[in-house]
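# A structural walkthrough
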Amino acid sequence: SYYYSIPHFDTTGLVSLNGENLIVTKSKGDSWQDHQWGDFSASRYGWEWMSVRLENGLIANIFLNIELKTHEVIDGLASIM
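Residues numbered from 1 in each chain as written. Predicted model: local features only at pLDDT ≥ 70, side-chain atom pairs only at ≥ 80, totals over all residues. Heavy atoms only, no water.

### Describing the overall build of the protein chain
Keep this limit in mind: Where helices and strands are cited, they refer to DSSP runs of H or I of at least four residues and of E of at least two residues respectively, numbered from the N terminus. Burial here depends on accessible area, computed with a 1.4 Å probe over protein chains only, as a share of the maximum for the residue type. Under 20% is buried, over 50% is exposed, and the range in between is partly exposed. Residue contacts are defined here by distance: any two heavy atoms, one from each residue, within 4.5 Å place the two residues in contact.
Within the protein chain, the regular secondary structure consists of zero helices and seven strands. Its helices and strands taken in sequence order, the protein chain reads β-β-β-β-β-β-β from the N to the C terminus. Viewed in the frame of its principal axes, the protein chain has a C-alpha envelope of about 40 × 25 × 20 Å. Here the protein chain, with 81 residues, has 19% of them falling under the buried criterion. For the protein chain, long-range pairs separated by at least 24 residues make up 27% of all intrachain contacts whose partners lie at least 6 apart in sequence.

And the structure:
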């Protein structure tokens, strides 16, 4: 199994939550992402997940299931705290 993590990087973009759009720009908060792969079989799906912590205290954890053959996103979920 192989694994890497990017623990701190600046994040920009747009977060839509309950019909409200929040602009994400460089701030005192940070984001992280990791990836694991190797010679093992978890299922026919792969996954990606990341977390964003914003200056206003919002934390979003995002998880995606990915079809390994087509690399299409099958489904996903997020928790917002």
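Back to the write-up after that little detour.
### Some details on the sheet that holds strand β4 (residues 30-37)
For the record, the criterion: Strand pairing is assigned whenever DSSP detects at least two bridges linking the two strands. Only the stretch in contact is used when a helix axis is fitted, and all axes are lines through C-alpha atoms; the angle between N-to-C directions ranges over 0 to 180 degrees.
With respect to topology, five strands assemble into an open sheet ordered β1-β4-β5-β6-β7, the strand pairing being antiparallel. Of all the strands in the sheet, the pair left with one neighbour each is β1 (2-9) and β7 (73-80). Pairwise comparison of adjacent strand axes, ignoring direction, gives a mean angle of 15 degrees for this sheet. Alignment of β4 against strand β5 (residues 45-53), held across five bridges, turns out to be antiparallel. Note that in β5 the partner of Ser-31 across the bridge is Val-52.

### Points about the side chain of Glu-67
Mapped onto the elements, Glu-67 comes out in strand β6 (residues 59-67). Given the relative accessible area of 10%, Glu-67 is considered buried.

### What to know about the pairing of β5
Relative to β6, β5 is paired through nine bridges, and the arrangement is antiparallel. For Tyr-45, the partnering residue across the bridge sits in β6 and is Glu-67.

### Comments concerning the pairing of β6
Here is the key point about a regular strand: its side chains alternate between the two faces of the sheet. Remark: five residues form the turn of the hairpin made by β5 and β6, two consecutive strands paired antiparallel; Gly-57 in that turn has positive phi of roughly 95 degrees. Bridge count for β6 against β7 is seven bridges, and the pairing is antiparallel. Each residue of the ladder has a partner; that of Asn-65, found in β7, is Asp-75. Linking two consecutive strands that pair antiparallel, namely β6 and β7, is a turn of five residues; a positive phi of about 65 degrees is found at His-71 within it.

### Quick word on the environment of Phe-9
On the secondary structure map, Phe-9 appears in strand β1. The class for Phe-9 is partly exposed, based on a relative accessible area of 29%. For the pair Phe-9 and Leu-68, spaced 59 residues apart in sequence, the C-alpha to C-alpha distance is 27 Å. Beyond its immediate chain neighbours, meaning those up to four positions away, Phe-9 contacts Asp-30, Ser-31, Trp-32 and Gln-33.

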